[in-house]
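Notes for the structure review
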Amino acid sequence: MWLNPEEVLLKNALKLWVTERNNDFFLLQRRRGHGEPTGKITGLLVGALDTVLDSNARVTPFRILLQVPGSQVSWVIASGAAIEEVNKHWDWLIHNLLHSLSVFENKEDVASFVKGKVKGLIAEEVRGRQAAQEEDPEKFREALLKFELHFGLPSSEKLVTYFSCCCWKGRVPRQGFLYLSINHMAFYSFLLGKEVKFVIPWAEVMRLERVSTGLMTEAIRVSTRQRQREFSMFLNLEETFGVIGQLADIALRRLLDSEGLELDRVLQQPARISKRILEEQALREYVLALFRLPRGERLHEVASCSVWTPHARCHTAGTLYTTDSYLCFCSREEGHCILIIPLLEVLSIEKAESTSALPNPVIVSIRTKKAFQLIELQDRDELVESLNSKLRTLQWKQSMFRSSKRDKRSMSAPTPYYTFYYDTGYSDKEEIEEHVLRNTINSEALMTAFHQNQPGTDSNKSLEQMKERLWEDHFTEFGRGVHMFRTGKTQRLVAMGIPESLRGELWMTLSDASSELQSHQGYYTSQVQKSMGKSNLATEEIERDLHRSLPDHPAFQNPTGIAALRRVLTAYAHRNPKIGYCQSMNILASVLLLYAKEEEAFWLLVAVCERMLPDYFNRRVIGAQVDQSVFEKLIRERLPELAEHFPDLSTLSSVSLSWFLTIFLSVLPFRSAVCVVDSFFLHGIKAIFQLGLAVLEANAAQLSASTDEGQALMILTSFLEQVGYEETSCPVSPLPATEETSSINPDVPAVGHTNITHLINESYEKFGDLTVRQIERLRCQHRIQVLQAHEDTTKENALRMVTPDVSISPENLADVYDLFKTEHFISLYWGDSSSAAAAEAAAWQHGDSYMERQYRLDRPQFKSLYGLLAPWPGGTSQHADTLANRTFTLLDQDRDNLVTFREFAGWLDTFYCEELNEKIRLLYRLHIPPALTESEDDPSLMKSPLVSTNRPLCVNLPSDEVKDYQEQLKQMLQDLVKEKEKDVEKPLPLMNQREFIQFCKTLYSMFHGDPEENDLFQAIATVTSLVLQIGEAGHRGHHRSGSEVTGQDEVTRANTEDRRSSVSNTRVSDGSATPENEWTISYAQILASLLTEQALVNFLEKPVDLTAKIAAAKEKQYHQRAGLLTLQHGTS
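A few points on the structure. (Residues numbered from 1 in each chain as written. Predicted model: local features only at pLDDT ≥ 70, side-chain atom pairs only at ≥ 80, totals over all residues. Heavy atoms only, no water.)

Here the focus is the overall build of the chain. For the chain, the count of helices and strands is 41 helices and 28 strands. The burial tally for the chain puts 52% of its 1132 residues in the buried class. Here the analysis covers contacts within the chain between residues at least 6 apart in sequence; of these, 67% occur between residues at least 24 apart. A total accessible area of about 53000 Å² is found for the chain, and carbon and sulfur atoms account for 51% of it. (Helix = DSSP H or I, 4+ residues; strand = E, 2+ residues; numbered from the N terminus. Buried < 20%, exposed > 50% of the residue type's maximum accessible area, 1.4 Å probe, protein only. Contact = heavy atoms within 4.5 Å. Areas by Shrake-Rupley, 256 points an atom, 1.4 Å probe, with all protein chains shown as cover.)

In structure tokens form, the structure reads like this:
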């Protein structure tokens, strides 16, 4: 196979390799010890070495080298395990390349040419492998070639799929192809001699919608910040819309919020993404959400089957899903019958005899001496073998875990002891008792010790007993534990409210937190030990919120409850530092501790934060905002009349945010809210969506009649306060109570008492058709909008911080920010993995109490953008690159090799908007340390006859313009003395000869291509002559007392003293001079000299059109940067 060219030393290679065939440029070699008929000692040793190496390190026995005549360095360009394979490559080189190489005069060009050809062959092989994964490899290969040809993006821009469609421009359709890659969507059309093509980065997509108009039956609308594009006439619009939504969602999560949002490991490697991977990922996301499995679970098999359901006395048809640790079944009608079997509970999986009534049966036996029967399984043998392999692996891991735990337990004290120090006002005896309370893990739920008095105690007890009997009957019929059948009857029982005696157990069962606890014995204890006593931002926030958690409940008016809550929250913050602690977690953890044991409450919190409400509990609460956006969409679809009254649904969503974050715990009376938590553990976020819609529908008439946002808020608050539990007429106020909820608004009509069970059942009846699949699809679409809204906020904040410091117009500054951000994204698109990771890490600014997005550019990114926006041409590319390097060094004030947008905007503002003296000042600073260093690539002096250090410059000027330089010098020095007295800024260091020569070189490069180029060259020659005379006069005056130029002597001496500390080893071109025999010049002297030439003044004061420059940069940036990166990859 062809290999990416890799250097080898030929003289070393000959010891282990034998040359079989060769010519002037190529060698075909065989590894010693392979294919040799006799047992030579060298061959035996090499063969033995290759044999003992593992398969990854083993060397292929044949290879082809590229060699340059006269060089000891060669490149491996192909290898193979068989001589036939390598001979094919050799023949291709002889017939296609060898004759072409003789025309090269420079033999080093031969190596570049051949390496480029080989890399092209490798790219073609990669295309072939990628195409082979598609349904129609030949068509995909053709589409891939067209994609590369039409759009000119780097080869690393992986094409995922393509569709034939129409793109609408007004009322005119353009038939063509829509190409979807990992970072972009692109469209190409060529009809009747007219070409239409454009590229849209996923990072620019603001909204995806399916729309219908009079002309188009149905279309996909893609909205960016600049415009909308509409595509229609797809063969399968549903599939296309799903793929577009997935790719946009994945790209934005990877590009805009890699720090906050969880992304599957496969999707973190864009080169691995294909259409098949996307389909698998969509199904995996659905399965994880439907069964609320841990995020790390991988989906393996999906099979149609039927499961024997004893309660229905029949087989129920549906789909079986297998993951790393679970067997999951869902009926054809989502939610009708769900079964989850953790492999930890499984004893055996066996095939049974197949009959006509029971085709292909499989029996799954579990530890509770029960078994589940699955029939009608296709590919039963492979499925059972795969499941048994997973089962054996899991059982082996568990046995190893238990043995290691036993070993640790025998070496440790029987009772763990925890320490957490803090200030209290207790006496010594009380403090000891309090210390014990704080550091003893509770083995019982807090509700067993702290009961909240409720009215109608006797009737409540009888009701609890009745519900307990109903649940016992349910356990008998449907099973008990995680593997319980979950049906409509389970839903009705949960809606009534789970009895307090069973609530903790059923929460653990329904959330499957019990499996996590079982597989992580002792984990919580170790987390408590590691986390207690540590102080950080999370623990400080936890301490602040401890006494705000259910303050009216007696369990949290007691040190026991507070200590348990502290342990659970700090242990979780230690477990998951990415989340740490987020407000509302304290309310949730408090309720969990009331009904579950402390360790169980911890695992329930893990289940909620990491599985059931993903991305909710982080600094930016992205998950909650996404669900709010989804909720607004559902309101428009399900409650259209209410949506008409509230064109801007943000009012309602701002009210409902707390419903989602606290699962209604902060807005409903306590006992009613706990019933909502019951439903949440059964149905997940779907229960909150349904209940939210039911609440709005119940108040739709009053909300539609409301006149302002405040009245609408009071209507909902009053309604929720009156939602009672069972038939009690005195509902308890919601926890925690707020001033807003406790106040009474006389304008709000009285709301009658509502029963929570009735409200939950009503939500199921009216909105129960909402499925998990629909929610996941909506989340995918609306996450795009939420992330882009955050991106807009980041941009607004950046512009607000920079605008006061610059004179660039707000419109241009916003465009510059977009260019700055795009430069960052381009590195993420096509840079190598290490540079992409560094760029993304640099985009996040971490503080003690915050983490915000802030784009910053490294040196290559800055140089690219510099070339696009520099106000004057840079002459030769080498000098422009040098100047860009100096500018970066100057702007990088904190020396972290990154430039912020503020620093970049300041540089741009100076050259485009500042006065003449500030422009010259910046140019001056670019040619002295730290911007100009000794290690520059081009430190040589400018090769120009104009520059001389031993005589004045002779410039041919018209006779009427000949001036007395001594007169100019005296006047200039007088002006400089006055200027120095007025100048309050810190004086700039002096510029030496080498630095001044570089300064002149920059000035000459600035004039390149200007209409007044000849006049400007003449003017700069005059200024250069003047400055050199100033420098030499000052140098002579420094060493000769009584000099005629005493004024210059004083200025030079003063400035030399200022500079002496910073410039200790000034150099000239030949390196033989010392600081004492070099002259220096100041910024003020250079400024005054430049001001003497009107042509230079006019040039530097002439306004440069930044708007036009930005427009040109937008056109060039993408393809220019793409070409540079392609070139870098090609030469690496």
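What follows concerns the nonpolar core. Within the largest apolar cluster, 266 residues are counted, with the highest numbers of intra-cluster contacts made by Phe231, Trp507, Met585, Phe617, Trp659, Leu696 and Phe904. Among residues more than four places away in sequence, those in contact with Leu696 are Phe631, Ile635, Leu639, Leu642, Leu652, Trp659, Leu703 and Leu716. Among the nonpolar cores identified, the runner-up in size contains 21 residues, and Val68, Leu93, Leu101 and Val110 belong to it. (Core = buried A, V, L, I, M, F, W, Y, C linked by side-chain atoms within 4.5 Å.)

Right, let's get into unusual backbone geometry. Residue Pro929 is joined to Pro930 through a cis peptide bond whose omega torsion reads 5°. Looking at the secondary structure, you find Pro930 in the loop between helix 34 (916–925) and helix 35 (965–982). A positive phi angle, close to 60°, is found at Lys369, a residue other than glycine. Following the sequence through the fold, Lys369 ends up in the loop between strand 18 (362–366) and strand 19 (371–375). The class for Lys369 is exposed, based on a relative accessible area of 81%. Despite not being glycine, Phe664 shows a phi value in the positive range, around 70°. Following the sequence through the fold, Phe664 ends up in the loop between helix 21 (650–661) and helix 22 (670–683).

Sheet strands pair via backbone hydrogen bonds, and the direction of the pair is either parallel or antiparallel. An order of 9-8-7-6-12-11-10 is seen for the seven strands of this open sheet, with the pairing classed as antiparallel. Edge positions in the sheet fall to strand 9 (194–201) and strand 10 (205–211), since each of these pairs with one other strand and no more. Strand-to-strand twist of the sheet, defined as the mean angle between neighbouring strand axes without regard to direction, takes the value 30°. On the sheet, helix 5 (residues 137–151) packs against strand 6 (159–169), strand 7 (172–181), strand 8 (184–191) and strand 9 and is oriented at approximately 65° with respect to strand 6. The strands that helix 6 (residues 237–256) touches are strand 6, strand 7, strand 8, strand 10 and strand 11 (219–224); relative to strand 10, the one it contacts most, it runs at about 165°. (Pairing = 2+ DSSP bridges. Axes fitted to C-alpha atoms, helices over the stretch in contact; angles between N-to-C directions.)

So, on to the packing of helix 12 (residues 500–511) against helix 18 (residues 598–612). Any two packed helices are characterised by the angle at which their axes cross and by the distance between the axes. One can describe the packing of helix 12 onto helix 18 by two numbers: an axis separation of 10 Å at closest approach and a directional angle of 35°. Handedness of the helix 12/helix 18 crossing: left-handed. Where helix 12 approaches helix 18, its residues Trp507, Met508 and Ser511 are matched on the opposing element by Glu600, Leu604, Ala607, Arg611 and Met612. Per-class residue counts for the contact of helix 12 with helix 18 are five nonpolar, one polar and two charged. (Left-handed = near helix turned anticlockwise from the far one by under 90°. Nonpolar A, V, L, I, M, F, W, Y, C, P; charged D, E, K, R; others polar.)

The subject of this paragraph is helix 16 (residues 559–575). With 17 residues, helix 16 should cover 24 Å at 1.5 Å per step; its first-to-last C-alpha distance of 24 Å lies within 8% of that length. Burial analysis of helix 16 places 14 of its 17 residues in the buried class, which makes it a mostly covered element. Near the N-terminus of helix 16, the side chain that reaches the backbone nitrogen of Thr560, with its oxygen 2.8 Å away, is that of Asn558. (Expected span 1.5 Å × (residues − 1). Polar contact = N/O pair within 3.5 Å; in protein donor to acceptor, adjacent residues only side chain to side chain.)

This next bit is on empty space enclosed by the protein. Here the idea is plain: a probe the size of a water molecule rolls over the atoms and shows the empty space left. Under the counting rule described, the total for this entry stands at seven cavities of 30 Å³ or more. Of the voids in this model, the largest cavity is the one considered here, and its volume is about 190 Å³. Every residue along the wall of the largest cavity is listed here: Leu290, Arg292, Glu334, Gly335, Ile338, Arg486, Thr487, Gln491, Leu682, His683, Lys686 and Val772. For the lining of the largest cavity, the elements supplying multiple residues, two or more each, are strand 20 (486–487) and helix 22. Its residues assigned to classes, the lining of the largest cavity comprises four nonpolar, four polar and four charged. (1 Å grid on protein atoms, 1.4 Å probe; cavity = no way out; pocket = protein on both sides within 12 Å on 5 of 7 lines; lining within 4 Å. Points joined across faces, edges and corners; volume = space filled by probe spheres on them.)

Strand residues, when the strand is regular, have side chains that alternate between the two faces of the sheet. Counting buried positions along strand 12 (residues 228–232) yields four of five residues, so the element is predominantly enclosed. The pairing of strand 6 with strand 12 spans three bridges and is antiparallel. Its bridge partner being in strand 12, Cys167 is matched across the sheet by Phe231. The pairing of strand 11 with strand 12 spans five bridges and is antiparallel.

Turning our eyes to something else, we now look at the pattern of salt bridges. All chains considered together, the criterion is met by 38 salt bridges. Put simply, Arg783 and Asp249 hold a salt bridge, and the shortest N to O gap is 2.9 Å. Of the two residues, Arg783 is situated in helix 28 (residues 772–802) and Asp249 in helix 6; the sequence distance between them amounts to 534 residues. For the salt bridge of Asp818 with Lys795, the shortest nitrogen-to-oxygen distance reads 3.0 Å. Of this pair, Asp818 sits in helix 29 (residues 810–830) while Lys795 sits in helix 28, and the two are 23 residues apart along the sequence. Overlapping salt bridges bring together Arg210, Glu218, Glu238 and Arg777 as one network. (Salt bridge = Lys/Arg side-chain N within 4 Å of Asp/Glu carboxyl O.)

Topologically, Gln861 is positioned in helix 31 (residues 859–869). By relative accessible area, Gln861 is classed as buried at 1%.

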